[in-house]
Amino acid sequence: MRHSRKALLAATLGLGLAATLAGVPTAVAAPAPSGNAAGYAAYESSQENQAANRAFFEAVRRSVAEQRAANPGILAVTVTYNTRNAPSFRTVIARSTQIWNSSVSNVKLQEVSSGGNFSYREGNDSRGSYASTDGHGRGYIFLDYQQNQQYNSTRVTAHETGHVLGLPDHYSGPCSELMSGGGPGTSCTNAYPNSTERSRVNQLWANGLVASGLDTKGAKG
């Protein structure tokens with residue numbers, strides 16, 4: 001699973017496909033090499049991957065904070081998303097949403113018909129599936145057709161959704177670790193976060209990230 005994640009920080013064109021400003025990416029995370037442990041490790045620790053993690057989580061966090069401003073007393077946070085541009089994956093997205101909602105308590109994912117704190121998109125991309133921002137502070141997850149045929153699609157989607165909730169890649173981890181992504185290979189079908197990942201998400205979203213501000217240190221790769 002190349003689960004490469006890029007904060008392309010780009011202008012949005014047409015149906016939301018990202019194109020880099022003036023054709024030059026300003027913060028692009030390179031694809032993680034498929035099936036190459038050393039390549040995965042190098043990508044995971046790279047500055048571009050860390051920047052991509054931070055940019056995406058920041059975009060979602062800012063969007064949620066804006067909507068929560070009128071209800072500061074609510075402890076559990078709801079992060080909304082839409083699947084309008086990913087109709088083929090709506091069922092698997094619902095499955096990954098159910099997995100996350102049953103795994104953590106301080107944040108919940110909820111589908112909306114339009115808008116939302118982030119969105120899902122589908123199509124063909126040689127870089128695989130990834131989480132990104134559109135250059136206007138909005139986050140989205142792109143789901144690549146070919147990658148979702150090679151790897152367990154629920155794991156792909158749940159992994160990318162993990163970035164929405166603030167988790168970084170950890171390709172050297174075992175199959176039991178959701179954020180190990182493609183590290184364990186195509187035979188890995190686990191789509192559930194382990195106890196450490198669940199605890200980290202609950203910690204990141206405790207009190208809606210409002211009382212003490214955003215802790216992004218744990219959102220780095």
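Note that the structure is predicted; figures quoted are calculated from it, not measured. (Residues numbered from 1 in each chain as written. Predicted model: local features only at pLDDT ≥ 70, side-chain atom pairs only at ≥ 80, totals over all residues. Heavy atoms only, no water.)

Engineer: Describe the overall build of the protein, listing the residues and the values that go with them.
Structural biologist: The helix and strand inventory of the protein stands at six helices and seven strands. Its helices and strands taken in sequence order, the protein reads β-β-α-α-β-α-β-β-β-β-α-α-α from the N to the C terminus. Across the 221 residues of the protein, 50% fall into the buried class. Counted over contacts in the protein with a minimum sequence separation of 6, partners at least 24 positions apart contribute 65%. Surface accessibility of the protein: about 9,400 Å² in total, with carbon and sulfur atoms responsible for 51%. (Helix = DSSP H or I, 4+ residues; strand = E, 2+ residues; numbered from the N terminus. Buried < 20%, exposed > 50% of the residue type's maximum accessible area, 1.4 Å probe, protein only. Contact = heavy atoms within 4.5 Å. Areas by Shrake-Rupley, 256 points an atom, 1.4 Å probe, with all protein chains shown as cover.)

Engineer: If you had to explain the state of the cysteines to someone new, which residues and values would you point to?
Structural biologist: Taken as a whole and assessed by the stated rule, the structure comprises one disulfide. Note on cysteine connectivity: Cys175 is disulfide-linked to Cys188, with sulfurs 2.0 Å apart. The sign of the 90° torsion about the S-S bond sets the Cys175-Cys188 disulfide as right-handed. In this pair, Cys175 sits in the loop between α5 (153-164) and α6 (195-204) while Cys188 sits in the loop between α5 and α6, placing the two residues 13 residues apart along the sequence. (Disulfide = S-S within 2.5 Å.)

Engineer: If you had to explain the nonpolar core to someone new, which residues and values would you point to?
Structural biologist: Ranked by internal contacts, the top residues of the largest apolar core, which has 32 residues, are Val79, Trp100, Phe118 and Trp205. Residue assignment for this core shows that the elements contributing at least two residues are α2 (47-68), β3 (77-85), α3 (90-103), β4 (107-111), β5 (118-123), β7 (139-144), α5 and α6. Broken down by element, the residue count for this core peaks at four residues, all from α3. (Core = buried A, V, L, I, M, F, W, Y, C linked by side-chain atoms within 4.5 Å.)

Engineer: A description of the pattern of salt bridges should follow, citing residues and the corresponding values.
Structural biologist: Throughout the structure, instances matching the rule amount to one salt bridge. The salt bridge partner of Arg90 is Glu111, with a shortest N-O separation of 3.0 Å. Of this pair, Arg90 sits in helix α3 while Glu111 sits in strand β4, and the two are 21 residues apart along the sequence. With relative accessibility at 49%, the residue Arg90 sits in the partly exposed group. Since its relative accessible area comes to 28%, Glu111 is described here as partly exposed. (Salt bridge = Lys/Arg side-chain N within 4 Å of Asp/Glu carboxyl O.)

Engineer: Summarise the environment of Ala94; cite the residues concerned and give the values.
Structural biologist: With respect to the secondary-structure elements, Ala94 resides in helix α3. By relative accessible area, which is 40% here, Ala94 ends up partly exposed. Residues Ala94 and Leu109, 15 residues apart in the sequence, show an inter-C-alpha distance of 9.6 Å.

Engineer: Report on the side chain of Thr83, specifying residues and quantitative values.
Structural biologist: Here Thr83 shows up in strand β3. Engagement of the side chain of Thr83 in a polar contact is seen with the side chain of Glu111, the distance being 2.8 Å. Dropping the residues within four chain positions of it, Thr83 is found in contact with Arg90, Ile93, Glu111 and Tyr120. (Polar contact = N/O pair within 3.5 Å; in protein donor to acceptor, adjacent residues only side chain to side chain.)

Engineer: Tell me what's going on with the sheet that holds β5, and back it up with residues and numbers.
Structural biologist: Pairing within the open sheet is mixed, and its five strands lie in the order β4-β3-β5-β7-β6. The open sheet is flanked by β4 and β6 (130-133), the only strands paired with a single partner. Taking the axes of each pair of neighbouring strands and ignoring which way they run, one obtains an average angle of 30° across the sheet. Of the pairings in the sheet, the one linking β3 to β5 comprises three bridges and is parallel in character. In the sheet register, Asn82 faces β5, and the bridge partner there is Ser119. In the packing of α5 onto the sheet, contacts are made with β3, β4, β5, β6 and β7, and the angle to β7 comes to roughly 165°. (Pairing = 2+ DSSP bridges. Axes fitted to C-alpha atoms, helices over the stretch in contact; angles between N-to-C directions.)

Engineer: Explain the packing of aromatic side chains residue by residue, including any values.
Structural biologist: Under the definition given, this model contains six aromatic pairs. Ring geometry for Phe89 and Tyr145: centres 6.1 Å apart, planes at 10°, overall stacked. Placement of Phe89 in the loop between β3 and α3 and of Tyr145 in helix α4 (residues 145-150) is noted, with a sequence separation of 56 residues between them. Residue classification places Tyr145 among the partly exposed residues on the basis of a relative accessible area of 30%. Taken together, a centroid distance of 6.5 Å and an interplanar angle of 65° make the contact between Tyr130 and Tyr140 edge-to-face. You can see Tyr130 sitting in strand β6 and its partner Tyr140 sitting in strand β7, a full ten residues away along the chain. The class of Tyr130 is buried, set by a relative accessible area of 4%. (Phe/Tyr/Trp six-rings, centres within 6.5 Å; stacked < 30°, edge-to-face > 60°.)

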